[in-house]
Amino acid sequence: MFFRVVFYLSIIFLISSCTSLRKMMMIAGENPMEGHPDTVIIGAQLFSKNCVQCHANDGSGNGQLAKTLDEPPANLQELAKRKSVKTFAANIYYGKNLMPAYKDVLSEEEIWHLANFVKSLGQ
Ligand code: HEC
């Protein structure tokens, strides 16, 4: 009985520590900054402070640091036409390949502002 409980608890722990699962949960959830009147402006300010070294001001992916990466970032203007705000938020929060994770750097609120800004680049 005891070992069985430990076994199931370990499985639950393993699943809940899995990043792709957490990303899926973030994508399935709500965008808490949707409809916030200044979200795109706040996101733009955060972007110019934290992200332009790779993504460049316009999101084209031609930032200074991008040249040093094996795989430069894709054009965010193009991505924003077909990907969702929630996918962006999840990838900014947890990172993706060479894209760093920002969950320990920025607040969740700031990450949603950034995601809303990135999405707005596709309009
Ligand atoms: C060290 C360079 C670097 C920095 C700094 C950086 N990124 Fe990225 N980013 C990347 C790379 C590389 C990719 C492409 C990842 C892939 O698809 O393999 C990427 C992809 C993305 C994507 C697309 C994810 C998707 O859904 O495919 C978004 C959105 C994004 N970055 C937002 C940001 C934001 C917002 C910041 C600042 C908080 C930031 N990035 C900082 C390198 C960077």
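From a predicted model like this one, the values you see are computed outputs, not experimental measurements. (Residues numbered from 1 in each chain as written. Predicted model: local features only at pLDDT ≥ 70, side-chain atom pairs only at ≥ 80, totals over all residues.)

Undergrad: Can you tell me about the site of the ligand, naming the residues and giving the values?
TA: Taken together, 26 residues form the shell around the ligand, and within it Cys51, Cys54, Pro73, Asn97 and Met99 come nearest. Elements with a contribution of two residues or more to the shell around the ligand: α3 (39–50), α4 (52–55), α5 (76–82), α6 (85–94) and α7 (108–120). Here the shell around the ligand takes four residues from α6, the largest share from any one element. Class assignment of the residues belonging to the shell around the ligand gives a composition of 17 nonpolar, six polar and three charged. (Near = placed C-beta within 6 Å. Helix = DSSP H or I, 4+ residues; strand = E, 2+ residues; numbered from the N terminus. Nonpolar A, V, L, I, M, F, W, Y, C, P; charged D, E, K, R; others polar.)

Undergrad: A description of the nonpolar core should follow, citing residues and the corresponding values.
TA: Of all hydrophobic cores here, the largest spans 18 residues; its most connected members are Ala89, Ile92, Tyr93, Ile111, Ala115 and Val118. Listing elements by their share of this core, those giving two or more residues are α5, α6 and α7. (Core = buried A, V, L, I, M, F, W, Y, C linked by C-beta atoms within 7 Å. Buried ≥ 20, exposed ≤ 12 C-beta atoms within 10 Å, placed from the backbone.)

Undergrad: Please set out the environment of Leu106 residue by residue, giving values where relevant.
TA: Examined against the element boundaries, Leu106 turns out to sit in the loop between α6 and α7. When the C-alpha atoms of Leu106 and Ile92 are compared, they prove to be 9.7 Å apart, with 14 residues separating the residues in sequence.

Undergrad: Account for the environment of Gln45, with residues named and values stated.
TA: Mapping Gln45 onto the fold places it in helix α3. With 15 C-beta atoms packed within 10 Å, Gln45 lands in the partly exposed category. For the pair Gln45 and Leu114, spaced 69 residues apart in sequence, the C-alpha separation works out to 8.8 Å.

Undergrad: So what about the packing of α6 against α7? Which residues, and what values?
TA: For the pair α6 and α7, the least separation of the axes is 8 Å and the interaxial angle reads 130 degrees. Considering their axes alone, α6 and α7 lie oblique with respect to each other. Seen along the crossing, α6 lies across α7 with a hand that is right-handed. Contacts from Val85, Phe88, Ala89, Ile92 and Tyr93 in α6 reach Ile111, Trp112, Leu114, Ala115, Asn116, Val118 and Lys119 in α7. Counted by class, the contact of α6 with α7 contains 10 nonpolar, one polar and one charged residues. (Axes fitted to C-alpha atoms, helices over the stretch in contact; angles between N-to-C directions. Parallel < 35°, antiparallel > 145°, perpendicular 65-115°, else oblique. Left-handed = near helix turned anticlockwise from the far one by under 90°. Contact = placed C-beta atoms within 7 Å.)

Undergrad: Please give an account of unusual backbone geometry that cites residues and values.
TA: Positive phi, normally seen in glycine, also occurs at Ala56, with a value near 70 degrees. Positionally, Ala56 belongs in the loop between α4 and α5. For Asn97, which is not glycine, the phi torsion reads 50 degrees and is therefore positive. In this fold, Asn97 is placed in the loop between α6 and α7.

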